[in-house]
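Listed below are the residues making up each chain.
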Amino acid sequence: VRPEPFLLSSVQVLKGPSAMLYGNGAAGGIVNESSKLPDAMAPNIVEITAGTQNYFQSAIDYNGQLGEDVLYRLVALGRSADGPIDFSSNDAVAIAPSLTWSPDAQTSVTVLASWQKNDTTPYIQFLSPYGTLNSAAPFANGDFLPQDVFIGEPSFNYYDGERSAVSLFGDH
């Protein structure tokens, strides 16, 4: 399951063979995805987005302080959307709460939890060149296939995934 971009504070890409310096990774490069952590200076965000193909997404990024030495952050997202082809979807639910305790200026402990569930349909289809690139008139009743045609079985062609994690960071 690929992480939702809204849950990330930054994405860093190290391209080429130098990526092999940091452990097991692809020879073409590695990607470092940094989660949002409690930050007293980060803005609070509430987002509602609507668009074509029944796209609706709501998200929240809320920071706060509990007492003098505890910061918290709640990042959450919900999305419901149809895909560009028949029987396709792009639905997601994600939540990532975190808590940082700083007993003194040199020490901090952060707990980050995350849960994400995606219900999507891959858009990759194996279509004949006739009806897509070339006219299908000699072989079928129509000329070209509609752009939203689904070639497959809806109960078989899906990409659903779920992941959860808990991380503990210490700094001294």
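Up top is the structure.
Figured I'd write up the structure that's included with this text. Everything quoted here is computed from the prediction, not taken from an experiment.

**Considering the pairing of strand β7 (residues 107-120)**
Put simply, side chains in a regular strand alternate between the two faces of the sheet.
At step 1: Relative to β7, strand β6 (residues 90-104) runs antiparallel, the two being bridged by 11 bridges. Each bridged residue has a counterpart across the sheet, and for Ile95 the counterpart in β7 is Trp115.
At step 2: Counted along the chain from β6 to the antiparallel partner β7, the turn is two residues long.
At step 3: With 13 bridges connecting them, β7 and strand β8 (residues 159-171) associate as antiparallel partners. By the bridge assignment for β8, Trp115 is matched with Ser164.

**Regarding the sheet that holds strand β5 (residues 70-80)**
At step 1: If you trace the six strands from one edge of the open sheet to the other, you get β3-β4-β5-β6-β7-β8, paired in antiparallel fashion. Two strands lie at the open edges of the sheet, namely β3 (45-51) and β8, each paired on one side alone. Averaged over all pairs of adjacent strands, the angle between their axes in this sheet comes to 5°, without regard to strand direction.

**Quick word on a nonpolar patch on the surface**
At step 1: Where nonpolar side chains cluster on the molecular surface, the patch consists of Leu66, Leu99, Trp101, Val109, Val111, Val166 and Leu168 and spans about 660 Å² of accessible area.
At step 2: Elements supplying a minimum of two residues to the nonpolar patch: β6, β7 and β8.
At step 3: Tracing the backbone through its elements, the reader meets Leu168 in strand β8.
At step 4: For Leu168, a relative accessible area of 64% translates into the label exposed.

**Some remarks on the side chain of Thr107**
At step 1: Within the secondary structure, Thr107 sits in strand β7.
At step 2: Side chain to side chain, Thr107 and His172 meet in a polar contact 2.5 Å long.
At step 3: If sequence neighbours within four positions are ignored, Thr107 has contacts with Trp101, Ser102, Asp171 and His172.

**Points about the nonpolar core**
At step 1: Core analysis: the largest hydrophobic core is formed by nine residues, namely Phe6, Leu7, Ala59, Val75, Leu77, Ala92, Ala94, Ala96 and Leu112.
At step 2: If you list the elements that add at least two residues to this core, you get β5 and β6.
At step 3: In terms of residues, this core owes the most to one element, β6, which gives three residues.

**Quick look at the pairing of strand β4 (residues 55-66)**
At step 1: As paired strands, β3 and β4 are joined by seven bridges and run antiparallel to one another. Among the inter-strand pairings, Gly51 is bridged to a residue of β4, identified as Tyr55.
At step 2: Hairpin connection from β3 to β4: three residues lie between these consecutive antiparallel strands, with Gln53 at a positive phi of about 60°.
At step 3: Relative to β5, β4 runs antiparallel, the two being bridged by 11 bridges. Note on β5: the bridge partner recorded for Phe56 is Ser80.
At step 4: With antiparallel pairing between neighbouring strands as the criterion, β4 and β5 make up a hairpin whose turn holds three residues, including Gly67 at a positive phi of roughly 75°.

**Focus on the packing of aromatic side chains**
At step 1: Going through the model one piece at a time under the given rule, you end up with one aromatic pair.
At step 2: When the ring of Tyr62 is compared with that of Tyr72, the centres are 6.3 Å apart and the planes differ by 40°; the resulting orientation is tilted. One end of the pair, Tyr62, is in strand β4; the other, Tyr72, is in strand β5, with 10 residues separating them in the sequence.
At step 3: The exposure class of Tyr62 is partly exposed, given its relative accessible area of 40%.
At step 4: Take Tyr72: its relative accessible area is 23%, and that puts it in the partly exposed class.

**Here's the deal with the side chain of Arg73**
At step 1: As for its placement among the helices and strands, Arg73 is situated in strand β5.
At step 2: A polar contact of 2.8 Å, which involves the side chain of Arg73, links it to the side chain of Asp61.
At step 3: Each residue touching Arg73, except ones within four places of it in the same chain, is listed here: Lys36, Leu37, Pro38, Asp39, Ala42, Asp61, Tyr62, Asn63, Ala96, Pro97 and Ser98.

Criteria and thresholds
Residues numbered from 1 in each chain as written. Predicted model: local features only at pLDDT ≥ 70, side-chain atom pairs only at ≥ 80, totals over all residues. Heavy atoms only, no water. Pairing = 2+ DSSP bridges. Helix = DSSP H or I, 4+ residues; strand = E, 2+ residues; numbered from the N terminus. Axes fitted to C-alpha atoms, helices over the stretch in contact; angles between N-to-C directions. Patch = residues over 30% accessible without salt bridge, like charges linked within 9 Å, V, L, I, M, F, W, Y side chains within 5 Å. Areas by Shrake-Rupley, 256 points an atom, 1.4 Å probe, with all protein chains shown as cover. Salt bridge = Lys/Arg side-chain N within 4 Å of Asp/Glu carboxyl O. Buried < 20%, exposed > 50% of the residue type's maximum accessible area, 1.4 Å probe, protein only. Polar contact = N/O pair within 3.5 Å; in protein donor to acceptor, adjacent residues only side chain to side chain. Contact = heavy atoms within 4.5 Å. Core = buried A, V, L, I, M, F, W, Y, C linked by side-chain atoms within 4.5 Å. Phe/Tyr/Trp six-rings, centres within 6.5 Å; stacked < 30°, edge-to-face > 60°.

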